[in-house]
Number of protein chains: 2
Amino acid sequence: MIERVVLIGAGRVGYHLGHRVHAAGLPVEQVYSRRLNNARELALALDCVAVQDISKITPLSACIYILAVSDDAIDNIARQLAYLDHPGRFFVHTSGATPVEVLSRHFQHSGVLYPLQTFSRERKVSFQEVPICIHTARPTDLPVLEEFSQQLSDKVYRVDDDQRATLHVAAVFANNFVNHLYTIAHELLEQKGLSFELLRPLIAETSAKVEKHPPAHMQTGPALRDDQRTIMRHLRYLSKSPEYQDIYRLLTRSITKRSADQ
Amino acid sequence: MIERVVLIGAGRVGYHLGHRVHAAGLPVEQVYSRRLNNARELALALDCVAVQDISKITPLSACIYILAVSDDAIDNIARQLAYLDHPGRFFVHTSGATPVEVLSRHFQHSGVLYPLQTFSRERKVSFQEVPICIHTARPTDLPVLEEFSQQLSDKVYRVDDDQRATLHVAAVFANNFVNHLYTIAHELLEQKGLSFELLRPLIAETSAKVEKHPPAHMQTGPALRDDQRTIMRHLRYLSKSPEYQDIYRLLTRSITKRSADQ
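First, a word on what this report is: a plain description of the structure on this page.

What counts and what doesn't
Residues numbered from 1 in each chain as written. Chains lettered and ligands numbered in written order. Predicted model: local features only at pLDDT ≥ 70, side-chain atom pairs only at ≥ 80, totals over all residues. Heavy atoms only, no water. Pairing = 2+ DSSP bridges. Helix = DSSP H or I, 4+ residues; strand = E, 2+ residues; numbered from the N terminus. Axes fitted to C-alpha atoms, helices over the stretch in contact; angles between N-to-C directions. Contact = heavy atoms within 4.5 Å. Least-squares fit on C-alpha atoms with pLDDT ≥ 70 in both. Phe/Tyr/Trp six-rings, centres within 6.5 Å; stacked < 30°, edge-to-face > 60°. Buried < 20%, exposed > 50% of the residue type's maximum accessible area, 1.4 Å probe, protein only.

**Comments concerning the sheet that holds strand β4 (residues 63-67) of chain A**
Residue and element names in this part refer to chain A.
- Strands sit in the order β3-β2-β1-β4-β5-β6-β7-β8 across an open sheet of eight strands; the sheet is mixed. The open sheet has two edge strands, β3 (49-51) and β8 (156-158), and neither has a second partner. Neighbour-to-neighbour, the strand axes of this sheet turn through a mean angle of 25°, independent of strand direction.
- As paired elements, strand β6 (residues 110-115) and strand β7 (residues 132-136) share five bridges and run antiparallel to each other. If you follow L113 over to β7, its bridge partner there is I134.
- The sheet strands contacting helix α5 (residues 142-150) are β1 (4-8), β4, β5 (89-93), β6, β7 and β8, and the helix crosses β7 at an angle near 160°.

**Overview of the relation of the copies chain B and chain A**
- You can overlay chain B on chain A at an RMSD of 0.0 Å; the transform is a turn of 180° with a shift of 0.0 Å along its axis. Taken together, the turn and the small shift mark the pair as related by a two-fold rotation axis. For chain B, the smallest separation between a C-alpha atom and the rotation axis is recorded for B:V178, amounting to 2.7 Å.
- When you check the interface residues of chain B against chain A, 100% turn up at the interface there too, and the contact is symmetric in its surfaces.

**Focus: the packing of aromatic side chains**
- One pass over the full model with this rule turns up 12 aromatic pairs over all chains.
- Look at A:F177 and B:Y248: their rings are 5.1 Å apart centre to centre, the planes differ by 70°, and that puts the pair in the edge-to-face class. Here B:Y248 lies in helix α10 (residues 242-261) and A:F177 lies in helix α6 (residues 161-191), a pairing that spans two chains.
- You can call A:F177 buried: its relative accessible area is 0%.
- Judged by centre distance (5.1 Å) and plane angle (80°), the ring pair of B:F173 and B:F177 falls under edge-to-face. Highlighted residues: B:F173 and B:F177, both in helix α6 (residues 161-191), separated by four residues, approximately one helical turn. Considered together, B:F173 and B:F177 belong to a single accessibility category, that of buried residues.
- Members of the aromatic cluster, each reached through a chain of ring pairs, are A:Y65, A:F91 and A:F107.

Structure, rendered in structure tokens:
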């Protein structure tokens, strides 16, 4: 049974996760960050102690140590925490891209708690609706992590390392790349003195459509219709930006190919 | 003053536009479609007459004839309607990609009424929030079309042919291409037996973020961080699909370049 939480990392994931743990009525005992101000600010909100020195992290029983740090830092921090290993302690990271092995080398009970969402400090997230993908090095540990995670979210999924790697790649397409296309659209509009407001309802509807329908069924536009006249006109329009032309060409080809294959 | 509407085309745009005109209390007098069933179905809903023979379209005064047909068909239909030209009649098309000139050749009063949204029959759209971009061949006609459009939407923008062409390209990025990235993400998940449900909160949040913030400020992910280890891992993961690898590589390069430029 997990009765308390130590939070390693006070970045965006640590911030939102910490607040959710607190709101769920589970005590967060300590917040560690190498930036003391970050640790202090979050510790204040969560009513606990801030730590900047990693060797000062308290050994506790019935405790989960959550490493909400950047992918690159997990390995190093895990090494430094290895002395805390104990049958009453659970160690998880929150990374989509990192196998559990990085932790299971050092700890008897280890796993992954990957919240599949994009977090910003400026925005509140309804954490209860955030899918949490869990995995443990030992199968017998899974129910423990599952019970804990279900206190944080209504959507807890068992997802192994291999599946989580897939999710992470898919999330790059559906989030990072999508946002970059918004950025390009924004830039094209700005060049002509047009407001991004004009596109917002379209963006909202495009994403709302796939709430209910498979995205492939929702495809529209010149590429799907193989409307060469419009495609050529758009490519000419983009002629001053070979980079955007390449993106236009490649995505158009991919849409056309997919529709021809079906 | 525009007092009545004749709708040429009963496709997705005609359908939603017709319903909005009707709901706004303006009479739709006729619906034309070369597919009689489509015309009949929409005419029934709008309480008017269906026409399949284009030469049977009634000459009316204080009337706007809205050509809500595919880009390729506008020119041909405009020719066939040329005999209707009259000082009391307004002719507009609804295309983002077509200059007004296709109509102004034939009609004294012509323009464009471009609703910037993606329409599907399955989905209700709150038309009052759909941006309508208007343009007229004669500047003196603009207030007439503006007054009419403001009865349909709260967001009417004056957007000339050149700006509208920009909007159309930008909409392809923000809608068609974004939806294709959703499709790719869906496919990657399916290959591993994972549900698309897992990504839906991420998709919703990604689009909700740009309601308030410029998309460039919302960018996150391995490309922005120039996290070569993760990028290489993702590219290896996609090695069975050179097409998706190309898309990944190109968009990653574009994000990295943009962040380096700033």
